[in-house]
Amino acid sequence: MKIAIIGSGYVGLVSGVCLAHIGHQVICVDNNPEKIKKLKKGELPIYEPGLLELMHECVKKKRLSFSGSVKDASAKAEVIFLAVPTPSKPNGDADLTFIENVAREIAQSMDSYKLIVEKSTVPAETGKKIRRTIQLNLPRKFKQGHKILLDFDVASNPEFLKEGSAVHDFMNPDRVVLGVESARAEKLLREIYKPLKTKILVTNTASAEMIKHASNSFLATKISFINAVAQMCDRVGADVIKVAEGMGLDKRIGRQFLDAGIGYGGSCFPKDVEAFIHLSDKSGYNFSLLKEVRKINDHQRLAFVKMIEEKLWNIKDKTIGVWGIAFKPNTDDIRNAAALEIIHLLQAEGAKIKAYDPKAADHARKALKGVAIAQDPYEAAEDCDCLLLLTEWPEFREVNFVQVRDAMRQAVIFDGRNFLDGDQLKECGFDYYGIGRGRS
Ligand code: NAD
């Protein structure tokens, strides 16, 4: 199958590489010339485990190429996936201008049947708007009054991969959701995903779009639920880790997404929850549950900073070490990372910040003003009044904590992800504070 992927970021690039790996002919497109230049040189513009090797293999087999031109790539492909950003507008609505621009460009160069597939996360009913944009922008020869003479389809195929394990997730999905309006579109998409041998759920476009909204919002709800439980654990002397374990053993609940901490972040959950709230408000339904989910998430950051303030007394002029900036481990992505917000809150109180992240240092240097970026975890801890663990990178469990303790001004650790062994750290001489671990 000849496929074009428009947008070569975390989703587009992983999807493109994986689709080439399972046998398709793929062109990945991006309008950022730097990204295309890097990709053509065999380099990745993002960090994602396992992606580089797979990309090299697909290029070598001549199944994968890169282009800066939406028009050229879509002319060569029968199926075109849209994987461009859909960020939040200031009012929370999804900004769909990237989608509209690409749809217009595709339409202008169309001269045969195309299947245009939303892979970006978009509000329900975007499919209809894409269809309308394409109709409006088709070459004149394909229009006769109101009649459209060129057949095309718009479908929704939401992506559920997780950054950090994106290649594995794409190749081993729990399900593939196909939102289609025609048998032809369904046939093409089934053919594309056939090699994955996974459960395929076929719906109409609006239901597929809604599945993505609902899934991400549900996962965010689980996180906020356990964070609210963690607040209660602190107040009654319970340990949220044990509580999550006990809840998670119930198959109806499941253990995943029950990790209490400083709340969800990243490029998806905050914006997708926001967009679903906005869509609900716009359609006349007050989705108050989701508004509370968002509020609890915001509160986790504030409560964490308050806890630091309580233990350190004054934050002004204290030096605070930060371990982890990326929004989750195994990625260099810092979009909407909880760490950014916490660092800003502490800076506003007058703290000096030294931060270390194994992969996100370059992005952090650009995004964070007045933060010293350390080369390793030890340098980040040196002369600090406390240390914050904000991203649960596995390497933070491997450090020599005696060395860390001796390098710090005060041996105090605030573990925003309940990731470290608190008992061991206490034995080693640290004051250790987690989230919902029963302080009262
Ligand atoms: P990203 O910012 O990493 O990648 C988007 C890419 O599109 C960028 O490289 C950008 O340069 C390119 N682009 C923008 N306009 C373009 C245009 N007109 N022509 C060609 N390229 C263009 O974003 P992402 O994280 O890959 O997310 C893309 C979409 O997928 C979003 O809607 C997001 O919500 C959704 N999604 C993301 C994830 C995730 O984990 N990141 C998971 C599932 C769904």
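Residues numbered from 1 in each chain as written. Predicted model: local features only at pLDDT ≥ 70, side-chain atom pairs only at ≥ 80, totals over all residues. Heavy atoms only, no water.

Honestly, a positive patch on the surface in this entry has me stumped. Any pointers?
A cluster of basic residues, Lys37, Lys38, Lys41 and Lys366, forms a positive patch on the protein surface. Position of Lys38 relative to the elements: it lies in helix α2 (residues 33-40). (Patch = residues over 30% accessible without salt bridge, like charges linked within 9 Å, V, L, I, M, F, W, Y side chains within 5 Å. Areas by Shrake-Rupley, 256 points an atom, 1.4 Å probe, with all protein chains shown as cover. Salt bridge = Lys/Arg side-chain N within 4 Å of Asp/Glu carboxyl O. Lys, Arg positive; Asp, Glu negative; His and termini not counted. Charge placed at Lys NZ, Arg CZ, Asp CG, Glu CD. Helix = DSSP H or I, 4+ residues; strand = E, 2+ residues; numbered from the N terminus.)

What should I look at first to understand the site of the ligand in this one?
Neighbouring residues of the ligand: 27 residues in total, closest Asp30, Lys35, Thr86, Glu163 and Lys271. One of the side-chain nitrogen or oxygen atoms of Lys35 is found 2.6 Å away from an oxygen atom of the ligand. In the model, a nitrogen atom of the ligand is placed 2.7 Å from a nitrogen or oxygen of the Glu163 side chain. In isolation the ligand has 830 Å² of accessible area, and contact with the protein removes 92% of it. Of all elements in the fold, only α1 (10-21) and α5 (97-108) reach the threshold of two or more residues within the shell around the ligand. Looking at the shell around the ligand, its residues break down into eleven nonpolar, nine polar and seven charged. (Near = heavy atom within 4 Å. Polar contact = N/O pair within 3.5 Å; in protein donor to acceptor, adjacent residues only side chain to side chain. Nonpolar A, V, L, I, M, F, W, Y, C, P; charged D, E, K, R; others polar.)

Sorry if this is basic, but what is going on with the nonpolar core here?
Across soluble globular proteins, you tend to see nonpolar side chains buried next to one another. If you look at the biggest cluster of nonpolar residues, it comprises 67 residues, and the most contacted ones within it are Phe304, Ile308, Ile320, Leu346, Leu388 and Phe401. Broken down by element, the residue count for this core peaks at six residues, all from helix α13 (residues 338-348). If we skip the residues at most four places from it in the chain, Phe401 touches Trp323, Phe396, Ile413, Leu420, Leu425, Cys428 and Phe430. Counting residues in hydrophobic clusters, the runner-up holds 44 residues, among them Cys18, Ile36, Leu54 and Leu189. (Core = buried A, V, L, I, M, F, W, Y, C linked by side-chain atoms within 4.5 Å. Buried < 20%, exposed > 50% of the residue type's maximum accessible area, 1.4 Å probe, protein only. Contact = heavy atoms within 4.5 Å.)

Looking at this structure, how should I read the environment of Ala374?
Its place among the elements puts Ala374 in the loop between β13 (371-373) and α15 (377-381). With a relative accessible area of 6%, Ala374 lands in the buried category. It is 5.7 Å that separates the C-alpha atoms of Ala374 and Ala355, two residues lying 19 residues apart in sequence. Among all residues touching Ala374, those that are not within four sequence positions of it are Ala355, Tyr356, Glu379 and Ala380.

What's the story with the pattern of salt bridges in this structure? I'm lost.
Close approach of charged atoms lets side chains of opposite charge pair. Following the criterion strictly, the structure yields 24 salt bridges and no others. Of the charged contacts in the structure, one is a salt bridge between Arg294 and Glu274, with a shortest N-O distance of 2.6 Å. Note that Arg294 is positioned in helix α12 (residues 288-312) and Glu274 in helix α11 (residues 269-282), a separation of 20 residues in sequence. Judged by its relative accessible area of 27%, Arg294 is partly exposed. Arg335 serves as the salt-bridge partner of Asp333, at 3.0 Å between the closest nitrogen and oxygen. Residue classification places Asp333 among the buried residues on the basis of a relative accessible area of 2%. Through salt bridges with shared partners, a single network forms among Lys89, Asp93 and Lys282.

What should I look at first to understand the pairing of strand β4 (residues 79-82) in this one?
It is a general feature of regular strands that their side chains alternate between the two faces of the sheet. On β4, burial covers both faces: Val79 and Phe81 on one face and Ile80 and Leu82 on the other are all buried. Alignment of strand β1 (residues 2-6) against β4, held across four bridges, turns out to be parallel. Bridge pairing in β4 links Ile3 to Val79. Pairing geometry for β4 and strand β5 (residues 114-118), over four bridges, is parallel. Residue pairing in the sheet places Ile80 in a bridge with Ile116 of β5. Between the parallel pair β4 and β5, the chain is carried across by α5, and the sense of this crossover is right-handed. (Pairing = 2+ DSSP bridges. Right-handed = clockwise from strand over helix to strand, strands pointing away.)

Would you explain helix α6 (residues 126-137) in this entry?
Along an α-helix, a turn takes 3.6 residues, which lines up residues three or four apart on a common side. Along its twelve residues, α6 runs 17 Å from first to last C-alpha, staying within 8% of the 16 Å computed at 1.5 Å per residue. Residues of α6 that are buried include every one of Thr126, Gly127, Ile130, Thr133 and Ile134, and no others. One face of α6 carries all of its buried residues, which in axial projection span an arc of 120°. Seen from the buried face of α6, the exposed residues on the opposite side, beyond 90 degrees, are Lys128, Lys129, Arg132 and Leu136. On the buried face of α6, the contacting elements are β4, α5, β5, β8 (152-156) and α9 (205-236). (Expected span 1.5 Å × (residues − 1). Arc of directions from axis to C-beta.)

Please explain the side chain of Asn297 as it appears in this structure.
Topologically, Asn297 is positioned in helix α12. Exposure remark for Asn297: the relative accessible area of 3% places this residue in the buried category. Within polar-contact distance, the side chain of Asn297 engages the backbone nitrogen of Tyr264 at 2.7 Å. Setting aside residues no more than four positions away along its own chain, Asn297 makes contact with Ser224, Ile262, Gly263 and Tyr264.

I would appreciate a short explanation of the packing of α9 against helix α10 (residues 240-248) in the present structure.
Helix packing geometry: the angle between the two helix axes and the distance between the axes. As a packed pair, α9 and α10 sit with axes 9 Å apart at the nearest point and diverge in direction by 135°. Taken as axis vectors, α9 and α10 run oblique relative to one another. Like other packed secondary-structure pairs, α9 and α10 cross with a definite hand, here right-handed. Of the residues in α10, those in contact with Phe225, Ile226, Val229, Ala230 and Cys233 of α9 are Val240, Val243, Ala244 and Met247. Split into classes, the residues belonging to the contact of α9 with α10 amount to nine nonpolar, no polar and no charged. (Axes fitted to C-alpha atoms, helices over the stretch in contact; angles between N-to-C directions. Parallel < 35°, antiparallel > 145°, perpendicular 65-115°, else oblique. Left-handed = near helix turned anticlockwise from the far one by under 90°.)

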